Amino acid sequence: QHYFIQLNLRKSEFMSPTARLKAILLVGLLGIVVFSQELEWKRVKSNGGVSVPVSFDFNPENSLIQYRFSGVAGAALTNLAFTTTTRFFDNKDNLLGLTSFIYKMEGRRVTKSWLRVGVKIDRKLRFCMDEESWNGAIPTYTNMDVNDPDIFMLNTDTSANFENSGCRHMDVWKKIVEGKSIARASVITYDPKRTTRNKLVIDYTVAKRAAEVETVEEEPAEDDTAEEEPAEDDTAEEEPADLVDETDNKKPREDASEPRKICSIYPPGVVDTFGGESVNYDLNCFHVLAADVGHANTWFIYGNFDTFDGKRSMAAMTFYVGAGAFEIQRGWMVAYLGEKFKLHEGEKQSMPVSGCEVLFEDLHLTVDCRPGGYPFVATYDGYMLGHLELTNDGERNLGLCFGPSTGRRVNWQIPSSGDCSISPDKADCRTRNPECDLFADACDDSAVRMCNEMLCDGAATPEQMCSADMAVQKKCSLKGVSKASPTGSCPQDVCLRKFFVLGAGCPQDSFFNDCPVDNYLS
């Protein structure tokens, strides 16, 4: 049964003549559908060409998701290229499928106006496509009834735009719906070249279904657009890299039954991988610590390694997140666009473009990129070592934290100038230092190895052993375990550690709360 629901559309310069008519939407239902009278529209927040993903609980039996497009006054709508995507997940946060509206212009000429439904089959996304020429205009609204994929509508059309009866992949979608598998949805917009910036505003809303609705007895606006048979795209095995990310980027689920994936990068080159494997690398200059290169939300984390105070150490961590990039360096310094980024102890600072948050607390810099839609948290002691926590696997992960390189790139090293020679095979220290037995009760099998490698070529300084102690305590803390300092090497006055690390990096003003500079100048 069909009902006609009337919506008011705003008159905008980009709306087609049809869109300026009274808006009568034909909604095909498995149940009864109506949008609430007062819709709560939320702005899709841009994140350097990729919007910040927004996730929420979603039940397709009582809700629909709708997008709204509004032109910016005085802006010429030309050369646009964007995609709005809604992803659907089950109650275990596994991606089930997605729906997309893809729009592209060359100048003022529309070259793409596609509707797309994708389902995940054998770890690959398979798509059913339907190309719609919307008379050269951007629709004011798009929405889809998830229960019935045939009902994918644009604006004032009086029939479903998306005819998918000829696409065999929709059988999987129908099974998902019948099995009531969808538990959560996520909305995201992709505009890699920022073509909509200062031109187009995109909002979304979750419209509730009503139990009853009165039929509006009006004839629908005429639409002479010819309906076409759907196209089936069986060649695309995964989402184009500039359109959508299969990875569910979100904050981690607090589930004690699931082990947390943590990688630790210890001096002088010991890495405890996400899989719990201990590897001893020869590290020099720049190496890929971890990355996901499979999709639009591509991210890389590089480590910069040097010899400092006689020990090979990690001097910096560089984050390439979407269209943004920044670096945290020895001395707890944050660099963005070649400038120092001001920190305040105990206060989260949001990084531009990436959406990542940086916090200095408990003698560590923590970089949390989950608010920007990226599945990792990084921790750096500001001196020589760090940890990475991964909240979601990607499709194409690589880097030291995932294991040794199997290709030509030795130890995941990045080519750079200067003397960056390394050995692909690094032998462990032949002697075992009894002092390292203090690390035997750590929270991973790499702590003893770290200590033994640090002490292999001579004694370590108290500050270096302090870093080793703190590394064990931080790793255990990330695993939810409280651990005492193995060697007790850290100074009792925490301000001494703060000013030591601050002085080890590039000069910058103190940003500590309870350590008066005048008391520690000497």
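These numbers come from a predicted model, not from an experiment.

A. How the structure looks around the side chain of Thr-196. Position of Thr-196 relative to the elements: it lies in the loop between strand E12 (184-190) and strand E13 (200-208). Relative accessible area serves as the criterion here: at 12%, Thr-196 is assigned to the buried category. If we ignore the near neighbours within four places in the chain, the residues touching Thr-196 are Leu-80, Phe-82 and Asp-191.

B. Focus on the side chain of Thr-273. Mapping Thr-273 onto the fold places it in the loop between strand E16 (270-272) and strand E17 (278-280). Once residues within four sequence positions are removed from consideration, Thr-273 is found in contact with Ile-262, Cys-263, Val-279, Leu-400, Cys-401 and Gly-403.

C. Inspection of the pairing of strand E21 (residues 324-329) at higher detail. The buried fraction of E21 amounts to 5 of the 6 residues, a majority that puts the element mostly inside the structure. Looking at chain direction, strand E20 (residues 311-321) and E21 are connected through 6 bridges and run antiparallel. Of the residues in E21, the one forming a bridge with Phe-319 is Phe-326. Where E20 folds back onto E21 in an antiparallel hairpin, the turn is made up of 2 residues, including Gly-322, whose phi is positive at roughly 60°. Pairing of E21 with strand E22 (residues 333-336) involves 3 bridges; the strand directions are antiparallel. The residue of E22 that forms the bridge with Glu-327 is Ala-335. Hairpin connection between E21 and E22: a loop of 3 residues separates the two successive antiparallel strands, and Gly-331 in this loop has a positive phi of roughly 95°.

D. Region of the structure containing the pattern of salt bridges. Here the structure, examined in full by the defined rule, presents 16 salt bridges. Between Lys-475 and Asp-272 there is a salt bridge, with its nearest N and O atoms 3.1 Å apart. Taken as a pair, Lys-475 in helix H3 (residues 462-478) and Asp-272 in strand E16 lie far apart in primary sequence, 203 residues in all. Since its relative accessible area comes to 4%, Asp-272 is described here as buried. For Lys-348, the salt bridge is made with Glu-357, and the minimal N-O distance between the two is 3.8 Å. Residue classification places Lys-348 among the exposed residues on the basis of a relative accessible area of 55%. If you follow the salt bridges from partner to partner, you end up with Arg-43, Arg-68 and Asp-203 in one network.

E. Spatial organisation of the state of the cysteines. On inspection of all chains with the given rule, the structure shows 8 disulfides. A sulfur-sulfur separation of 2.0 Å characterises the disulfide bridge that pairs Cys-495 with Cys-515. The sign of the -80° torsion about the S-S bond sets the Cys-495-Cys-515 disulfide as left-handed. Here Cys-495, found in helix H4 (residues 494-504), pairs with Cys-515, found in the segment after H4; they are 20 residues apart in sequence, far enough to count as distant. For Cys-515, a relative accessible area of 4% corresponds to the buried category.

F. Spatial organisation of the packing of helix H2 (residues 447-454) against H3. Following both chains from N to C, one finds H2 and H3 inclined at 170°, their axes separated by 11 Å at the closest point. Overall, the two elements H2 and H3 adopt an arrangement that is roughly antiparallel. From H2, Ala-447, Met-450 and Met-454 reach across to H3, where they touch Gln-464, Met-465, Ala-468 and Val-472.

G. Expanded view of the nonpolar core. Membership of the largest hydrophobic core comes to 74 residues, with the highest contact counts inside it found for Ile-265, Leu-289, Met-317, Phe-319, Val-367, Leu-388 and Phe-439. Looking at which element gives the most residues to this core, the answer is H3, with 7 residues. Once you skip the residues sitting within four places of it in the chain, Phe-319 turns out to touch Phe-300, Ile-301, Gly-324, Ala-325, Phe-326, Ile-328, Val-367, Phe-376 and Ala-378.

H. Broad picture of the sheet that holds strand E15 (residues 261-265). The strand order across the open sheet built from 8 strands is E17-E16-E15-E28-E27-E26-E25-E24, with neighbouring strands paired in antiparallel fashion. This sheet does not close on itself; its edge strands, each paired only once, are E17 and strand E24 (349-350). Here 2 bridges tie E24 to strand E25 (residues 357-361), and the two strands are oriented antiparallel to one another. Bridge pairing in E25 links Ser-350 to Glu-357. Strands in contact with H2 are E16 and E17; relative to E17, the strand with the most contacts, it is inclined by about 15°.

What counts and what doesn't
Residues numbered from 1 in each chain as written. Predicted model: local features only at pLDDT ≥ 70, side-chain atom pairs only at ≥ 80, totals over all residues. Heavy atoms only, no water. Helix = DSSP H or I, 4+ residues; strand = E, 2+ residues; numbered from the N terminus. Buried < 20%, exposed > 50% of the residue type's maximum accessible area, 1.4 Å probe, protein only. Contact = heavy atoms within 4.5 Å. Pairing = 2+ DSSP bridges. Salt bridge = Lys/Arg side-chain N within 4 Å of Asp/Glu carboxyl O. Disulfide = S-S within 2.5 Å. Axes fitted to C-alpha atoms, helices over the stretch in contact; angles between N-to-C directions. Parallel < 35°, antiparallel > 145°, perpendicular 65-115°, else oblique. Core = buried A, V, L, I, M, F, W, Y, C linked by side-chain atoms within 4.5 Å.

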